[in-house]
Amino acid sequence: MRAGPAREAALKVLTDCRRRNAWADAALRSRTGDLSPADAALCTRMVYGVIQNRMLLDYDLRAYCTQNLEKLQPPLREILQLGAYQILFLDRVPDRAAVDTSVELAKSAGRPRAAGLVNAVLRKLSACRDHLPPLPEDPVEALSLRYSHPLWLTARLVDLLGVEEAEAFLASDNGAPPLEVQANPLRTSPEALAAEWQAAGIEARPHPWVPGCLELTGAGDVTALPAFREGRCLVQDPAARLAVLLADLSPGQAVLDLCAAPGGKAFGAAMAVGEKGSVLACDINGSKLRHVREGAKRLGLDGILQTREADGREFHPEWAEKFDAVLVDAPCSGLGVIRKKPDIRDKDPAALTGLPAVQAALLDNAARYVRPGGTLLYSTCTILPEENENIAEAFLSTHGEFVPFPFTLPNGEGPYFCTTLWPQRHGTDGFFLCRTRKRTPGGHRQRDEALS
């Protein structure tokens, strides 16, 4: 008996994540290419399921395992986690199948002597699934374990949102994110795309409140769809779409995207400014810019969008006051996109402490590239004030040439000049948006202040 290709691939992905610090999405792409669609889907669900629930799985496994999980020979801990996830979360997988395939994984992974341990632990877990160990009484500790988020992050969310809404945020992180795409207006319309997909048996619904976005159900691998291959759409969360909408772009304008990779906002900006406009997409990572160029070519934007490898903190005098709009989607902790990249929750918080200095430096430098009357849009995919509101407020306090440029969201919220989107409130990624405007010379000072 074999464990099956889906489970074998899932174990390899989890092993890659542990041994090479690989991101789960990248490891999945490398390990599922030869699987059938059904096996690839099962593999993906198990990998993300284990990562999303790892703390809780280990908490339950420790109650029935006489050995220290951290000291088990690799990859036994991952094998037990995969088995426990199937028993506790996958109703369509019989417990017996979850146990037996886990035993086979131990044998095929070169740990035949541990097969008995795997069998015994998972059988006990299955027998006790209705009487699992109680969670701690402390509400923060309980939420941390129930949704497998580190204690520091759970405590911070409770501080920001309160217990009830923090739980809603954590639950959304562990849910399946919707698949959302934007139509390429240079080649089609959302209505035409929706009709095409509906005819192909794919449910395509307009996003409830962000124009130009469609939510897909039953699409499978979106990159295999003709509309994607032909450059008539791009995958983009509505929050990222809003960043482009709020940049207030018009045909013929010049746009700088200072931290462009993977390219979604630069693509949206190119669509907005059209053939008479221009977008300069910069990033410090040259290999990522190659993917930006490939995406631009697929979308038919390569005549509008150019790339440049550059550190966004370094000043280029030739760009000074040359752009109608500058986008700064700054590197950040990524805590707003855990539902799409569940392994972000495992980041070392100590490594995040230097991010605000980088974000502030990017914004300071970007300010020099905005022409008078132009727009500077700052965004992140995190929800922490020290990376968001604090950065925006400090920028305005030291840059008197910029003023708040208020906006109202398409759902009627506002006006704001900066706001945080939350998955449990808005149905988008966790995302921060801040729009400012550069004052026009002398005589227009009063009008600028009125706009703010």
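Just above sits the structure.
Residues numbered from 1 in each chain as written. Predicted model: local features only at pLDDT ≥ 70, side-chain atom pairs only at ≥ 80, totals over all residues. Heavy atoms only, no water.

> Sorry if this is basic, but what is going on with helix 8 (residues 139-146) here?
Residues that lie three or four places apart on an α-helix share one face, since the helix turns once every 3.6 residues. For helix 8, the complete set of buried residues consists of V140, A142, L143, S144 and L145. Tucked inside the fold, the buried residues of helix 8 contact helix 4 (54-62), helix 9 (151-161) and helix 10 (163-173). Capping the start of helix 8 is the job of one residue whose side-chain oxygen sits 3.1 Å from the backbone nitrogen of V140: D138. Where helix 8 ends, the next residue or the one after it, S148, has phi of about 55°, a positive value. (Buried < 20%, exposed > 50% of the residue type's maximum accessible area, 1.4 Å probe, protein only. Helix = DSSP H or I, 4+ residues; strand = E, 2+ residues; numbered from the N terminus. Contact = heavy atoms within 4.5 Å. Polar contact = N/O pair within 3.5 Å; in protein donor to acceptor, adjacent residues only side chain to side chain.)

> I'm lost on the sheet that holds strand 1 (residues 179-183) in this one. Help?
Adjacent strands of a sheet form backbone hydrogen bonds with each other and so pair up, either parallel or antiparallel. Spatially, four strands are ordered 2-3-1-4 in an open sheet, and the strand pairing comes out antiparallel. Lying at the two open borders of the sheet, with one neighbouring strand each, are strand 2 (203-206) and strand 4 (233-235). Averaged over neighbouring strand pairs, the angle between their axes works out to 35° when direction is ignored. Pairing of strand 1 with strand 3 (residues 213-217), which is carried by four bridges, proceeds in the antiparallel orientation. Bridge pairing in strand 3 links E180 to E215. (Pairing = 2+ DSSP bridges. Axes fitted to C-alpha atoms, helices over the stretch in contact; angles between N-to-C directions.)

> What am I meant to see in helix 17 (residues 389-398) here?
Listing the buried residues of helix 17 in full gives I391, A392, F395 and L396. Buried positions in helix 17, seen along its axis, are confined to an arc of 125° and lie on one side of it. Turned more than 90 degrees off the buried face of helix 17, the exposed positions are S397 and T398. Looking at the packing, one finds that the buried side of helix 17 touches helix 16 (355-367), strand 9 (370-380), strand 10 (402-404) and strand 12 (431-438). (Arc of directions from axis to C-beta.)

> Explanation requested: the pairing of strand 12 in the structure shown.
Successive residues of a regular strand alternate their side chains across the two faces of the sheet. Burial analysis of strand 12 places eight of its eight residues in the buried class, the great majority of the element. What you see with strand 12 is no split at all: F431, L433, R435 and R437 on one side and F432, C434, T436 and K438 on the other are buried throughout. Two elements, strand 9 and strand 12, share six bridges in a ladder whose sense is antiparallel. Bridging across to strand 12, Y378 finds its partner in C434. In the sheet, strand 10 pairs with strand 12 via three bridges, with the strands oriented antiparallel. Among the inter-strand pairings, V403 is bridged to a residue of strand 12, identified as R437. The pairing of strand 11 (residues 418-421) with strand 12 spans four bridges and is antiparallel.

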